[in-house]
Amino acid sequence: MTSAVPLGRTVTVKVPATTANLGPGFDTLGLALSVYDELDFTARAEPGATIRVEGVGADGGVPTDESSLVIQAVKHTFETYGQQMPGLDVVARNGIPHGRGMGSSGAAIVAGVMAAKGLLEGIVEMDADGLLARATELEGHPDNVAPALFGGLTIAWMTPRGPQHKKLLVHRGVSPFVAVPRESVMSTALARSLQPESVPHEDAIFNVSRSALLIAALLQSPELLLAATEDKLHQSYRASAMPETDALIRVLREHGLAAVVSGAGPSILVLGSDPAQRLRAQELIEQHADTTWDCLLLAVDFKGATVIPHSTEAAA
């Protein structure tokens, strides 16, 4: 079986970082942020894949062959639609920090799925539901891949028909800030292992109320973000694995800032109700942190992942 993709076909994929949970919305809510991975994929005759990494991961530590999560996602998508993946030359310009709770693995998966969509343009048609299903099959849950695919604020849930999502537009007054520890990383698997199998009934009710309030705060009432980001389902159980993150979040919240763990951590997300709160958050981090943190003043990405074809196809 040979690939139907013309040799030389090139697509560029751009995928935003994401932050999941947002406090109470565990495994459900996600937000796309203005930090990006951008990758070029070119179909070649030689089988396999070769990746040249620039930016984050350029100094090693990430696979540059077929074992890469990006290539696994391309291959999985091709196979799902009954197609043979061509050989690939990939250039990855990475801006999303790895292992910091900003959706780097979800972005890698989405990059691969979107690359497959672009390379198979005119051969196989993929709709939004199909893209989300392919990404979720690899990620395991849709809370990061949904905002990476579609941008904005997303609510994601599972059904017998597969993952579903609803994209919402965030109030223009919401100003995201992310503090990224320069040295510390956190494994999502480790973070999940720290949570109990069950939680008290009152804690579940608490988070249902805060999740509902958070949607209202993000869409129309940013002044409610501090109360809306309270959580009893996951952050306290994971605190022992990232003590400095926990301590800094406590400081930020004591000063009225809606600070939460970004994804599985150890980065910190602050959902400011005005841009000035981001500057205050940066000051507090610099004053109270024991280690070095990079402070990112970001915007919500409303576009999600994009794929751009190039007219560079060569004769097969």
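Before reading on, note that the structure itself is shown above.
One structure accompanies this document, and this report is about it. No experiment lies behind these values; they were computed from the predicted model shown. (Residues numbered from 1 in each chain as written. Predicted model: local features only at pLDDT ≥ 70, side-chain atom pairs only at ≥ 80, totals over all residues. Heavy atoms only, no water.)

## Overview of the pairing of strand 5 (residues 153-159)
Argument step 1. Pairing geometry for strand 2 (residues 29-44) and strand 5, over 3 bridges, is antiparallel. Looking at the pairing, Gly30 lines up with Thr154 of strand 5.
Argument step 2. As defined by bridge partners, strand 5 adjoins strand 6 (residues 162-168) across 7 bridges and the pair is classed as antiparallel. Of the residues in strand 6, the one forming a bridge with Ile155 is Lys166.
Argument step 3. Once strand 5 ends, the chain turns through 2 residues before running back antiparallel as strand 6. (Pairing = 2+ DSSP bridges. Helix = DSSP H or I, 4+ residues; strand = E, 2+ residues; numbered from the N terminus.)

## Notes on the sheet that holds strand 8 (residues 259-261)
Argument step 1. The 4 strands are arranged 8-9-7-10 in an open sheet whose pairing can be described as antiparallel. Because the sheet does not close on itself, it has two edges, and the strands there are strand 8 and strand 10 (293-297). Averaged over all pairs of adjacent strands, the angle between strand axes in this sheet comes to 20°, irrespective of strand direction.
Argument step 2. With 5 bridges joining them, strand 7 (residues 175-181) and strand 9 (residues 268-272) adopt antiparallel strand pairing. Across the sheet, the residue bridging to Phe177 is Val270, located in strand 9.
Argument step 3. Of the strands in this sheet, strand 8, strand 9 and strand 10 touch helix 9 (residues 243-254), which is tilted by about 160° from strand 8. (Axes fitted to C-alpha atoms, helices over the stretch in contact; angles between N-to-C directions. Contact = heavy atoms within 4.5 Å.)

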